[in-house]
Each structure stands twice: as structure tokens, then as C-alpha cells.
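Topology and contacts: notes
Given next are the chains, with one letter for each unit.
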Amino acid sequence: MIAGPKCHCLVCRLETSLIAELRADGNTERYRQLVASSTVLSGFPTPLRLIQHLHRPRGDHPYPSSDQILLELLRPPTNPFLQQFWHALVLLVFIPTMHRTMNQLSASFPSLARDDIAQHLTTILLEFLPSNELHSRQSHLAFTVARRLRRAAFRWAIHECRFAAVEDLAGLPTTPLDLEVSEDQSHSGVLLREFFDNCERKGWLTSTDRRILTQSKIEGVSCRELSRRHGHSSIAVQHRIQRLVDRLRRLTRKPPNDIPQQLELFPK
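Now for a description of the structure that goes with this document. (Residues numbered from 1 in each chain as written. Predicted model: local features only at pLDDT ≥ 70, side-chain atom pairs only at ≥ 80, totals over all residues. Heavy atoms only, no water.)

1. Side note on the nonpolar core
For soluble globular proteins, nonpolar side chains are generally found buried alongside one another. Note the cut-off: What is meant by a nonpolar core is a set of buried Ala, Val, Leu, Ile, Met, Phe, Trp, Tyr and Cys residues, joined one to another through side-chain atoms within 4.5 Å. With a 1.4 Å probe rolled over the protein chains alone, any residue whose accessible area is under 20% of its type maximum counts as buried; one over 50% counts as exposed, and the rest are partly exposed. It only takes one pair of heavy atoms within 4.5 Å for two residues to be counted as in contact.
By size, the foremost hydrophobic cluster in this structure holds 54 residues, and its most contacted members are Leu50 and Leu73. Not counting residues within four places of it along the chain, the set of residues in contact with leucine 50 comprises Tyr31, Leu41, Phe44, Ile69, Leu73 and Leu89. By size, the runner-up hydrophobic cluster in this structure holds 16 residues, among which are Leu213, Ile241, Val245 and Leu248.

Below is the structure:
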């Protein structure tokens, strides 16, 4: 997609941002450090040349196959200072796959916002990158990633649409709207815990989602610490938290003067 047509969706905007990040000062040296130990990756002089090759493979070039490249590229760097650069590089590799999957979901589930779909696809990809399922494979890596993205995204879309149906049939969640939100943090925590209880009972939050929200919004645990506890990158955790908050806001949407007070505790 780097040289191809673009729209104004979140995936295309993400691609533009990631390309600018790779071109930023200092990242040329980071790329050299990242590929220095790989004879496969070091054959590409710049990160964008590597991305362009993977996006537009040709049969008559001297470069290794995409599987050989991805086997090397999908190994996380041991140097923590290269982690963010590595995430940007790998995300760029799968931008066309994300864009294609987003278009498929938009056509199949027109009620879902394209930006919500794109944000969820990013989360799925970042969570799948360190998985044993991916790292146990030696071939068909791009296909494996595309299949996981599509399956997980379609499951999520079906789940979201069922939530919307529940909202139409069952109405909005019952919450103690007559309570005033106190500036006392302990009182705010009680309100949020009651709200999360209600959402979990209705099936709007899984136990894992509820635990992550509780740790983040009530206990004040940082995304970096949550990523360590749950085995995902901090970017993936941040996306997941934002997606959960956005979902709860959407499911409990009311007129401006009648918003559940628990949601007022979430910063916009």
C-alpha cells in the first residue's frame, strides 16, 4: 500500500504515521542495529525497501522468500530500546492485510464503525505477534497472520452486533444514577466496581476484560505494568483498554443529561 491508493480510514492514517516514524532521525541507525545479526534482513538497505519488497514481491529478484524474511523479522528484539521501532516495522508489513480485512468486515457488518474495526485489528495483530502459535511455524507466516486477523475480527464483529441487539431488546444497564460522583477516590472506585459488576452480568465484559479495566481505572496500574502481567505489549494493552471504554460508552449511550455517572469517571 505504500505506493498504492489510499483512503482516509484509520489504517491508512496509521500507515502514513508509521512511515513518517521510520523516516525520523535516528531510526536509520535503529534499523541497522535491528537487522545487523540477520543476513536475510541486512540485504535490505532501508526499512521501507524491506516493506516494499514484502508488499510487492516479484519472482525474478535475488531476495529471499517472504517466509524467510518474516521468520527473521517476527523475532522480537532483545534490546528494549528497539521494541517500539520493531512494532512500527511489523505493523507496516501487515497494513494491506489489515486494510483488506477491515473492508470485508465493513461490508459484512455495516453498523460497525470502520475506525472501531481498524483499532480492533491493530490490537489483534499486536497480541498475536508474540504468540507460540505464530512462532512455532516455519512457513506460510503471512497466511497464518491473515487467517488469525480475519477469524478473530469476525468473531469480534458478531459479538459486537449481538451486544447491539441486547441493547435494543433489554434496554440500557441499570445503574445507581441518583448517586453523586464524589471526588473521594474510594467512592469513585465503588461506583466503577458496581458498574463493572453490572456489565459483566449482562455479558458486556468478560472476566478478563473486567480485571484489566479494574486494574487500570480503579487500581491505577500503568499500561507498562499491565503488559508485563498479561504478556502483551503496552501498545496492545492501551488499545484494548480504549476499545473496552469505547464499547461501554456506546452500549450505555444516553442523552447528554442522562449519562450513567460511572462513565463520567472515564476521561474522554
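2. Things to note about unusual backbone geometry
How we decide: What counts as a helix is a DSSP run of H or I of at least four residues, what counts as a strand is a run of E of at least two, and both are numbered from the N terminus.
With a phi close to 55°, histidine 140 is a non-glycine residue in the positive phi region. With respect to the helices and strands, histidine 140 occurs in the loop between helix H8 (132-135) and helix H9 (141-170).

3. What about the pattern of salt bridges?
Just so we agree on the cut-off: When a carboxyl oxygen of Asp or Glu is within 4 Å of a side-chain nitrogen of Lys or Arg, the pair counts as a salt bridge.
Tallied over the full model, the rule gives 8 salt bridges. The residue arginine 240 makes a salt bridge to glutamate 127 at a minimum N-O spacing of 3.8 Å. Of this pair, arginine 240 sits in helix H13 (residues 234-251) while glutamate 127 is found in helix H7 (residues 114-128), placing the two residues 113 residues apart along the sequence. On the accessibility criterion, glutamate 127 (23% relative accessible area) is partly exposed. Salt bridges here are not isolated pairs; linked through shared partners, they connect Glu127, Asp209 and Arg240.

4. Describing the packing of aromatic side chains
Condition: Planes of paired rings set the category: under 30 degrees apart is stacked, over 60 is edge-to-face and the rest tilted, where pairs are Phe, Tyr or Trp rings (Trp by its six-membered ring) whose centres lie within 6.5 Å.
Under the criterion given, the structure shown has 2 aromatic pairs. Ring centres 5.8 Å apart and planes at 65° place the aromatic pair phenylalanine 109 and phenylalanine 154 in the edge-to-face group. On the criterion of sequence distance, the pair formed by phenylalanine 109 in the loop between helix H6 (95-108) and H7 and phenylalanine 154 in helix H9 is long-range, its members being 45 residues apart. As far as burial versus exposure is concerned, phenylalanine 109 and phenylalanine 154 are alike and both buried. Ring geometry for phenylalanine 195 against phenylalanine 196: centres 6.3 Å apart, planes inclined by 40°, an arrangement best described as tilted.

Geometry only, nothing functional implied.
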